[in-house]
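# Commentary on secondary and tertiary structure
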Number of protein chains: 2
Amino acid sequence: MSRRVSESTIRRLSYYLRALEALEGSGAATVSSEELAERGGTTAAQVRKDLSQFGSFGKRGLGYAVKELECTLRRILGLHVRWRVALVGAGRIGSALFEYPNFAQRGFDCVAVLDADPAKVGSRWGPILIRPVSELERTVRELEADLVILAVPPEAAQDLAERAVGAGARGILNFAAVQLRVPRGIPVKDVNLVFEMEALSFAITQADSHA
Amino acid sequence: MSRRVSESTIRRLSYYLRALEALEGSGAATVSSEELAERGGTTAAQVRKDLSQFGSFGKRGLGYAVKELECTLRRILGLHVRWRVALVGAGRIGSALFEYPNFAQRGFDCVAVLDADPAKVGSRWGPILIRPVSELERTVRELEADLVILAVPPEAAQDLAERAVGAGARGILNFAAVQLRVPRGIPVKDVNLVFEMEALSFAITQADSHA
DNA sequence: GCTCACTTGTGAAAAGCTTCACAATATTAG
DNA sequence: CTAATATTGTGAAGCTTTTCACAAGTGAGC
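Residues numbered from 1 in each chain as written. Chains lettered and ligands numbered in written order. Predicted model: local features only at pLDDT ≥ 70, side-chain atom pairs only at ≥ 80, totals over all residues. Heavy atoms only, no water.

## Re the packing of aromatic side chains
Here the distance between the centres and the angle between the planes together describe a pair of aromatic rings. Residue and element names in this part refer to chain A. One pass over the full model with this rule turns up 10 aromatic pairs over all chains. With 6.3 Å between their ring centres and 55° between their planes, Tyr-100 and Phe-103 make a pair best called tilted. On the accessibility criterion, Tyr-100 (23% relative accessible area) is partly exposed. Taking relative accessible area as the criterion, Phe-103 reaches 6% and is therefore assigned buried. An aromatic cluster is present here, built from Tyr-100, Phe-103 and Phe-108 joined pairwise through their rings. (Phe/Tyr/Trp six-rings, centres within 6.5 Å; stacked < 30°, edge-to-face > 60°. Buried < 20%, exposed > 50% of the residue type's maximum accessible area, 1.4 Å probe, protein only.)

## Examining the pattern of salt bridges
Think of it this way: side chains of opposite charge can pair up when their charged atoms draw near. For the coordinates displayed, the defined rule picks out 36 salt bridges over all chains. Two residues, Arg-163 of chain B and Glu-137 of chain B, come together in a salt bridge whose shortest N-O distance is 2.9 Å. With Arg-163 of chain B in helix 8 (residues 154–166) and Glu-137 of chain B in helix 7 (residues 136–143), this residue pair connects regions lying 26 residues apart in the sequence. Given the relative accessible area of 21%, Arg-163 of chain B is considered partly exposed. Each member of the salt-bridge network shares a partner with another, and the members are Arg-18, Glu-21, Glu-70, Arg-74 and Arg-106 of chain A together with Glu-198 of chain B. (Salt bridge = Lys/Arg side-chain N within 4 Å of Asp/Glu carboxyl O. Helix = DSSP H or I, 4+ residues; strand = E, 2+ residues; numbered from the N terminus.)

## Observations regarding the protein's contact with DNA strand C
Residues and elements named next belong to chain B. Residues in close proximity to DNA strand C total 23 residues, the closest being Ser-33, Arg-48, Ser-56, Gly-58 and Tyr-64. Near the protein, within 4 Å, the atoms of DNA strand C are sugar or phosphate in 61% of cases. Phe-57 places a polar main-chain atom, nitrogen or oxygen, 3.1 Å from a phosphate oxygen of DNA strand C. Taking Gly-58, its main chain carries an N or O atom lying 2.9 Å from a phosphate oxygen of DNA strand C. (Near = heavy atom within 4 Å. Polar contact = N/O pair within 3.5 Å; in protein donor to acceptor, adjacent residues only side chain to side chain.)

## What about the pairing of strand 3 (residues 83–88) of chain A?
The side chains of a regular strand alternate, residue by residue, between the two faces of the sheet. Residue and element names in this part refer to chain A. Of all the 6 residues making up strand 3, 5 are buried; the element is thus mostly covered by neighbouring parts of the structure. By the bridge criterion, 6 bridges tie strand 3 to strand 4 (residues 108–115) in an arrangement that is parallel. Considered in strand 4, the bridge of Val-88 is made with Leu-114. In this structure, strand 3 lies alongside strand 7 (residues 147–150), joined through 4 bridges in parallel fashion. Looking at the pairing, Val-88 lines up with Leu-150 of strand 7. (Pairing = 2+ DSSP bridges.)

## Regarding the environment of Asp-115 of chain A
Residue and element names in this part refer to chain A. Position of Asp-115 relative to the elements: it lies in strand 4. Considering only alpha carbons, one finds Asp-115 and Ala-151, 36 residues apart in sequence, at a separation of 9.6 Å. Sequence-distant contacts of Asp-115, defined by excluding residues within four places in its chain, comprise Gly-89, Ala-90, Gly-91, Lys-120, Val-121, Ile-130, Arg-131, Pro-132 and Val-133. Here the side chain of Asp-115 touches Asp-117 through a polar contact of 2.8 Å, landing on its backbone nitrogen. (Contact = heavy atoms within 4.5 Å.)

## Here's the deal with the interface of chain A and chain B
Across the boundary between the two partners, chain A contributes 62 residues, which contact 62 residues of chain B. Taking both sides of the interface into account, the surface hidden between chain A and chain B amounts to around 5,700 Å²; carbon and sulfur atoms contribute 69%. At the boundary of chain A with chain B, the tally comes to 10 salt bridges. Measuring nitrogen to oxygen at the nearest pair gives 2.8 Å for the salt bridge that ties Arg-11 of chain B to Glu-196 of chain A. Where chain A touches chain B, the interface holds 24 residue pairs in polar contact (both at pLDDT 80 or more). Broken down by secondary-structure element, the contributors of at least two residues to the side of chain A that touches chain B are helix 1 (7–25), helix 2 (33–40), strand 3, helix 5 (92–99), strand 7, strand 8 (171–174), strand 9 (188–190) and helix 9 (193–210) of chain A. Counting residues per element, the side of chain A that touches chain B draws most heavily on helix 9 of chain A, which supplies 16 residues. A per-class count over the side of chain A that touches chain B returns 35 nonpolar, 12 polar and 15 charged. (Buried area = accessible area lost by both parts, 1.4 Å probe. Nonpolar A, V, L, I, M, F, W, Y, C, P; charged D, E, K, R; others polar.)

## Some points on the packing of helix 2 of chain A against helix 3 (residues 44–52) of chain A
Residues and elements named next belong to chain A. Following both chains from N to C, one finds helix 2 and helix 3 inclined at 100°, their axes separated by 7 Å at the closest point. Between helix 2 and helix 3, the angle falls in the class roughly perpendicular. Contacts between helix 2 and helix 3 involve Ser-33, Glu-34, Leu-36 and Ala-37 on the former and, on the latter, Ala-44, Val-47 and Arg-48. For the contact of helix 2 with helix 3, the class distribution of residues is 4 nonpolar, 1 polar and 2 charged. (Axes fitted to C-alpha atoms, helices over the stretch in contact; angles between N-to-C directions. Parallel < 35°, antiparallel > 145°, perpendicular 65-115°, else oblique.)

## Considerations on the relation of the copies chain A and chain B
Superposition record for chain A on chain B: RMSD 0.1 Å, screw rotation 180°, translation along axis 0.0 Å. Viewed as a symmetry operation, the transformation between the two copies matches a two-fold axis. Relative to the rotation axis, the closest C-alpha in chain A is found at Ala-96 of chain A, a distance of 3.3 Å. Both copies present the same face, since 100% of the interface residues in chain A are matched by interface residues at the equivalent positions in chain B. (Least-squares fit on C-alpha atoms with pLDDT ≥ 70 in both.)

## Here's the deal with unusual backbone geometry
All names here are of chain A. Even without being a glycine, Glu-144 presents a positive backbone phi close to 50°. Tracing the backbone shows Glu-144 in the loop between helix 7 (136–143) and strand 7. Under the relative-accessibility criterion, Glu-144 is labelled exposed at 55%.

## What about the sheet that holds strand 3 (residues 83–88) of chain B?
What the 7 strands build is an open sheet, ordered 5-6-4-3-7-8-9 (chain B); its pairing is mixed. This sheet does not close on itself; its edge strands, each paired only once, are strand 5 (124–125) and strand 9 (188–190) of chain B. Note that strand 4 (residues 108–115) of chain B and strand 6 (residues 128–132) of chain B share 3 bridges and pair parallel. Across the sheet, residue Leu-114 of chain B finds its bridge partner in strand 6 of chain B, namely Arg-131 of chain B. Of the strands in this sheet, strand 3, strand 4, strand 7 (147–150), strand 8 (171–174) and strand 9 of chain B touch helix 9 of chain A, which is tilted by about 160° from strand 8 of chain B. Relative to strand 4 of chain B, helix 7 of chain B is tilted by about 160°, and along the sheet it contacts strand 3, strand 4, strand 6 and strand 7 of chain B.

## Let's talk about the packing of helix 7 of chain A against helix 8 (residues 154–166) of chain A
Residue and element names in this part refer to chain A. One way to put it is that helix 7 packs onto helix 8 with a least axis distance of 8 Å and a crossing angle of 35°. Helix 8 is crossed by helix 7, and the crossing has right-handed handedness. Across the interface between the two elements, Leu-136, Glu-137, Val-140 and Arg-141 from helix 7 touch Leu-160, Arg-163, Ala-164 and Gly-166 from helix 8. A class-by-class count of the residues in the contact of helix 7 with helix 8 yields 4 nonpolar, 1 polar and 3 charged. (Left-handed = near helix turned anticlockwise from the far one by under 90°.)

Structure below.
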């Protein structure tokens, strides 16, 4: 029950959680692996295998209790606690993130915003005062930020990542198009729109050349 | 040379391309699989395997010619042509995307913006007039959009995806937290910040419980 | 020309992930 | 109570991806 769990499994757990939330809204009390699979874009066997890595949550013949499984998944994903997030980079992406309502709803509280641009430093986003990036370490330490979001140019990302981790950050969401090197044990997730667009471009081009 | 190429390989090709661009800027003429691996966050063997799926681009003993490989990768990824993109959803995310300068730089031209909010319809973003989503089909058809970006609420996404594909869209970048069902052969890429944050949350929680 | 150091391309082995198939178990109906 | 039906949990099989290891090719120095 405590082997290494694959990235793909985790990603699917997030989908299952969204599906369960929707099901709860629609009043369903139980759900089968088959229905979860349909909503999560996978197969029933996969759903059962995924869940079985963490325990045995269903009832044979019946399926899974929606509310209970939802709760279990939240706990597995570590969403039963709130996470403190420091956002580095108050540009377009940073601002979109900051205003994204689902963010706080899902347990992620933005406790600080930092930027390198002196013109932005000192202004306010709602209750939050924008700080200079030079105060990154102090901010992470004093506000006990768990997670750091880097929405900064690629050339700045590696340095900021190292400093954030040095000051106690435990995970990084990276919007910069570089592969960050961080100490073992610090998870990094990359989000990169250009990469996704390039993957679409490849898939379409490929399809054409085979037609 | 024309087997199915894995998602992971494509994702890494994008990293290699970024690395090559950086190398070209710094004046290097050739690069070894080892150096590409370091910059792309993988291993030398993986780099060689990835590239070998498309041909034989290196010189033994020497490595790869930076400029040439860059060009080859662009062609493999289908980036030698420009892509026409329609953006559906003129909210925070849509606006951040629209203003993202790298987007156009990398060959993706935003040819239309649509929104469901009558208050936004008719206003301008630079040269682009915001259209009502009711005109999605007409817009995709007349402006010959290849790719559609859905930056809309989850409940609207499935319907819009179907309509976009019906009107000729060939690929979808989906920001909504639902699994879209589309006809076979239409690639869909999902971008979801909450999923990435949840993966971080899981990784950290997991690490804790094993400490 | 010969040797040396270097680096690719690739078959084979290893590791990892997904699908299959079925015993086990739960509920409902008669 | 028995039969019929539904659905889970899981070992084993099948498939995919990654890593390994090395023959083959390349240029530089002498």
